[in-house]
Amino acid sequence: CNMTAVALNALLSDQRLKENVQPVCLLGPYFQQCETVEALLRFFSRSKIIKNCRSVLELPFNCNIAIGAPGVSHAERLYAGIPTVLVPQSESHRALCMNWRDEGCALYARPEPKHIARQINALIANKFDRAQAISRQGQQVIDGNGASRIVAELTRRGLGI
């Protein structure tokens, strides 16, 4: 399933989002539905595609919000302070999305355009209050010191290297 198209259709399903959001689509080197994404992006007044994107941290500009899946890219978004509406791409993703939501590090949306649009609106409501809270929490959780904490915990358990 082309979740990028689902996310773009979510933005297009809400007139306010369609008029005010300037989507940036990060497409990895193996993404095969570029034509579909390009066709959907024509409905927005301003948009960008970045192909062969390997890391959110390589972006030459700031993003205020994101729609994405859990995984390494979400950790990068958290580190960069980009609040995200997480959309599962599989049943195993659903639990990850819910856990990030429960941790205060994302909003969760079912892979349905109307639900994604509602969650984006919740993220940006009240002058981005929810987005700012998620950004702050995410940067506390993903602080770049995970490896040190893992080593300390292994050492504490007598499993040190």
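Heads up: the structure comes first, above all this text.
Residues numbered from 1 in each chain as written. Predicted model: local features only at pLDDT ≥ 70, side-chain atom pairs only at ≥ 80, totals over all residues. Heavy atoms only, no water.

## Comments concerning the nonpolar core
Reasoning step 1: Grouped together as the largest cluster of nonpolar side chains are 27 residues, with contacts concentrated most on Leu8, Leu17, Val85 and Ile116.
Reasoning step 2: For this core, the secondary-structure elements that each account for two or more residues are helix H1 (3-12), strand E1 (24-27), helix H3 (34-41) and helix H6 (113-141).
Reasoning step 3: The residues contacting Leu17, other than those within four sequence positions of it, are Leu11, Ala117, Ile120, Asn121 and Ile124.
Reasoning step 4: Residues Leu86, Cys97, Ala106 and Tyr108 belong to the second largest nonpolar core, which totals 5 residues. (Core = buried A, V, L, I, M, F, W, Y, C linked by side-chain atoms within 4.5 Å. Buried < 20%, exposed > 50% of the residue type's maximum accessible area, 1.4 Å probe, protein only. Helix = DSSP H or I, 4+ residues; strand = E, 2+ residues; numbered from the N terminus. Contact = heavy atoms within 4.5 Å.)

## Re the pairing of strand E2 (residues 48-51)
Reasoning step 1: Bridge analysis of E1 against E2 gives 4 bridges, and the strand direction is parallel. Along E2, the bridge assignment pairs Cys25 with Ile49.
Reasoning step 2: Between E1 and its parallel partner E2, the chain crosses via H3, and the hand of that crossover is right-handed. (Pairing = 2+ DSSP bridges. Right-handed = clockwise from strand over helix to strand, strands pointing away.)

## Describing unusual backbone geometry
Reasoning step 1: Of note in this structure, Asn52 is not a glycine but carries a positive phi near 55°.
Reasoning step 2: Positionally, Asn52 belongs in the loop between E2 and strand E3 (66-68).
Reasoning step 3: The phi angle at Phe128 is positive, at roughly 70°, despite the residue not being glycine.
Reasoning step 4: Positionally, Phe128 belongs in helix H6.

## Points about the sheet that holds E3
Reasoning step 1: Spatial strand order, E3-E4-E5: 3 strands in an open sheet with parallel pairing. Bordering the open sheet on either side are E3 and strand E5 (107-108), each of which pairs with just one other strand.
Reasoning step 2: Bridge analysis of strand E4 (residues 84-86) against E5 gives 2 bridges, and the strand direction is parallel. Bridging from a neighbouring strand, Val85 pairs with Leu107 of E5.
Reasoning step 3: Sheet strands touched by helix H4 (residues 72-80): E3 and E4. Its angle to E4, the strand with the most contacts, is close to 155°. (Axes fitted to C-alpha atoms, helices over the stretch in contact; angles between N-to-C directions.)

## Concerning the pattern of salt bridges
If charged atoms from side chains of opposite charge come close, those side chains can pair.
Reasoning step 1: Inspection of the entire model under this criterion finds 6 salt bridges.
Reasoning step 2: Close ionic contact of Arg101 with Asp102 constitutes a salt bridge, the shortest N to O distance being 2.9 Å.
Reasoning step 3: Owing to a relative accessible area of 56%, Asp102 belongs among the exposed residues under this scheme.
Reasoning step 4: As a salt-bridge pair, Arg156 and Glu153 come within 2.6 Å of each other at their nearest N and O atoms. (Salt bridge = Lys/Arg side-chain N within 4 Å of Asp/Glu carboxyl O.)

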